[in-house]
Amino acid sequence: DAKTTQPNSMESNEEEPVHLPCNHSTISGTDYIHWYRQLPSQGPEYVIHGLTSNVNNRMASLAIAEDRKSSTLILHRATLRDAAVYYCIPKPNFGNEKLTFGTGTRLTIIP
Amino acid sequence: DAGITQSPRHKVTETGTPVTLRCHQTENHRYMYWYRQDPGHGLRLIHYSYGVKDTDKGEVSDGYSVSRSKTEDFLLTLESATSSQTSVYFCAIKGGGYQETQYFGPGTRLLVL
C-alpha cells in the first residue's frame, strides 16, 4: 500500500476556499487517489477520486500533481458542515478490496 | 444514502461473552465490509464479503468471524469478546459500476468491560 502524509489539522474561515494537501510519493501507477471524509460521530463518506487529471464534482475538486506524488483536495467555499477529518487514500481500481485509512487531516471551520 | 443500517448502535458487554453485530443493506450490493476504528488509528478492515457465503479476511481479523447467508445481511461475531475489541465498528458496501467507491453505515459503538 502506498504511504500517505497529510497535515494532522488545518483551520479555515467559513466561506473561504480550503486546500487540503496529501503526499503519496510511493503511489503505484495504477492507483487511483480517493478522498473520504468523516463528520463527527458518523461513518466516512466518499468525496472524490481521480487517476491523473483534475476532477470536479458537486462536493469538491481534486488537483493531482503531474508526477502523481501529491494531490490537493479543494473545497471551494467552506461551510461549517465541512468540518471533518479528511482522508487521502491511494487504491487500485480493481483487485484490492481494502481502503487503507491513515489518520487524516482534521479540518476546523471558523465561523 | 446507500441504505445501510447497523444494529445495535450501542452495546456494552462483558469480557468472554459472544457478541454479534448486524449490517443490513437494501440495495442488493455484492460487496460488504466490516471495519473497526480506534483512537489514533484510521479505519482498519476486519473482514469483507464478495457474495453470499463468500468472505475473506482483512488486516485485523483475529478474534472475529463473519457470515453472510443472504445478500442483504453481513454479520460480525466476536466469539469471546475482549477489552481490546472495544471500538467503533463500521459496515460498508461497495457501490455499483467500476467506481470502487465504498459507502459506510452509521457505526456501532461497542464497549467490552
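Residues numbered from 1 in each chain as written. Chains lettered and ligands numbered in written order. Predicted model: local features only at pLDDT ≥ 70, side-chain atom pairs only at ≥ 80, totals over all residues. Heavy atoms only, no water.

J.: Got a minute to help me understand the overall build of chain B in this structure?
T.: The number of helices and strands found in chain B is zero helices and 11 strands. Counting every position in chain B, which comprises 113 residues, the buried fraction comes to 50%. Residue pairs at least 24 apart in sequence account for 54% of intrachain contacts in chain B once pairs closer than 6 positions are excluded. Carbon and sulfur atoms make up 49% of the accessible area of chain B, which amounts to about 5400 Å² in all. Computed over 12 positive and 12 negative side-chain charges, the inter-centroid distance for chain B is 2 Å. (Helix = DSSP H or I, 4+ residues; strand = E, 2+ residues; numbered from the N terminus. Buried < 20%, exposed > 50% of the residue type's maximum accessible area, 1.4 Å probe, protein only. Contact = heavy atoms within 4.5 Å. Areas by Shrake-Rupley, 256 points an atom, 1.4 Å probe, with all protein chains shown as cover. Lys, Arg positive; Asp, Glu negative; His and termini not counted. Charge placed at Lys NZ, Arg CZ, Asp CG, Glu CD.)

J.: So what exactly am I meant to see when it comes to the layout of surface pockets here?
T.: Empty space among the atoms can be located by rolling a probe the size of a water molecule over them. Looking at the largest pocket, its volume works out to about 560 Å³. As for the largest pocket, its lining consists of 28 residues, and the residues nearest its centre are Q38, S41, Q42 and R106 of chain A together with Q37 of chain B. Broken down by class, the residue content of the lining of the largest pocket amounts to eight nonpolar, 16 polar and four charged. (1 Å grid on protein atoms, 1.4 Å probe; cavity = no way out; pocket = protein on both sides within 12 Å on 5 of 7 lines; lining within 4 Å. Points joined across faces, edges and corners; volume = space filled by probe spheres on them. Nonpolar A, V, L, I, M, F, W, Y, C, P; charged D, E, K, R; others polar.)

J.: When you look at the sheet that holds strand β2 (residues 18-23) of chain A in this model, what are you seeing that I'm missing?
T.: For sheets, the rule is that strands pair by backbone hydrogen bonds, running either parallel or antiparallel. Residue and element names in this part refer to chain A. Here we have four strands laid out as an open sheet, ordered β2-β7-β6-β5, and antiparallel in their pairing. One side of each edge strand has no neighbouring strand; the edge strands of this open sheet are β2 and β5 (55-56). Taken together, the six bridges between β2 and strand β7 (residues 70-75) define a ladder with antiparallel strand orientation. Note that in β7 the partner of V18 across the bridge is L75. (Pairing = 2+ DSSP bridges.)

J.: Which parts of the structure should I look at to understand the pattern of salt bridges?
T.: A pair can form between side chains of opposite charge whenever their charged atoms are brought close. Following the criterion strictly, the structure yields eight salt bridges over all chains and no others. With a closest N to O distance of 2.8 Å, R37 of chain A and D82 of chain A form a salt bridge. Taken together, the residues R37 of chain A in strand β3 (residues 31-38) and D82 of chain A in the loop between β7 and β8 (84-92) connect sequence positions 45 residues apart. Neither R37 of chain A nor D82 of chain A differs from the other in exposure class; each is buried. We note a salt bridge from R44 of chain B to D38 of chain B, for which the minimum N-O separation is 2.7 Å. (Salt bridge = Lys/Arg side-chain N within 4 Å of Asp/Glu carboxyl O.)

J.: What is the right way to read the side chain of Q102 of chain B from this model?
T.: Of note, Q102 of chain B is situated in strand β10 (residues 102-104). For Q102 of chain B, a relative accessible area of 0% translates into the label buried. There is a polar contact of 2.8 Å between the side chain of Q102 of chain B and the side chain of Y35 of chain B. If sequence neighbours within four positions are ignored, Q102 of chain B has contacts with Y36, Y46, E97 and L99 of chain A together with Y33, Y35, A92, I93 and K94 of chain B. (Polar contact = N/O pair within 3.5 Å; in protein donor to acceptor, adjacent residues only side chain to side chain.)

J.: Which parts of the structure should I look at to understand the interface of chain B and chain A?
T.: Accessible area lost when the parts come together is the quantity often used to give the size of an interface. The partner chain A presents 19 residues to the 20 residues of chain B that form the contact. When the buried area of chain B at its contact with chain A is split by residue, L43, E100 and F104 of chain B rank highest and sum to 31% of it. Remark: the boundary between chain B and chain A carries zero salt bridges. If you look at where chain B meets chain A, you find four residue pairs in polar contact (both at pLDDT 80 or more). (Buried area = accessible area lost by both parts, 1.4 Å probe.)

J.: Honestly, the confidence of the model for chain B in this entry has me stumped. Any pointers?
T.: Predicted coordinates in areas of low pLDDT are best not read in detail. In this model, chain B carries a mean pLDDT of 93, and residues with pLDDT of at least 70 account for 95%. Per-element averaging of pLDDT across chain B places β10 of chain B at the bottom with 92 and strand β8 (residues 73-78) of chain B at the top with 98. (pLDDT = per-residue confidence, 0-100.)

J.: What's the story with the environment of A60 of chain A in this structure? I'm lost.
T.: All names here are of chain A. Positionally, A60 belongs in the loop between β5 and β6 (61-64). It is 9.9 Å that separates the C-alpha atoms of A60 and V18, two residues lying 42 residues apart in sequence. If sequence neighbours within four positions are ignored, A60 has contacts with V47, I48, V55, L73, I74 and L75.

J.: What should I look at first to understand the packing of aromatic side chains in this one?
T.: Given two aromatic rings, one states the distance between the centres and the angle between the planes to describe the pair. Counted according to the given criterion, the structure contains 12 aromatic pairs over all chains. Ring centres of Y31 of chain B and Y33 of chain B lie 6.4 Å apart, and the angle between their planes is 20 degrees; this geometry places the pair in the stacked category. According to the relative accessible area criterion, Y31 of chain B is buried, its value standing at 18%. Ring plane angle 35 degrees and centroid distance 6.3 Å describe the contact between Y33 of chain B and Y35 of chain B, whose orientation is recorded as tilted. No difference in accessibility class separates Y33 of chain B from Y35 of chain B, as the two residues are buried. Through pairs of rings, three or more aromatic residues link up here, namely Y36, Y46, Y87 and F101 of chain A together with Y31, Y33, Y35, Y48, Y50 and F104 of chain B. The ring of Y31 of chain B has K94 of chain B sitting right over it, with the charged end atom 3.8 Å from the ring centre. (Phe/Tyr/Trp six-rings, centres within 6.5 Å; stacked < 30°, edge-to-face > 60°. Lys NZ or Arg CZ within 6 Å of the ring centre and 35° of its normal.)

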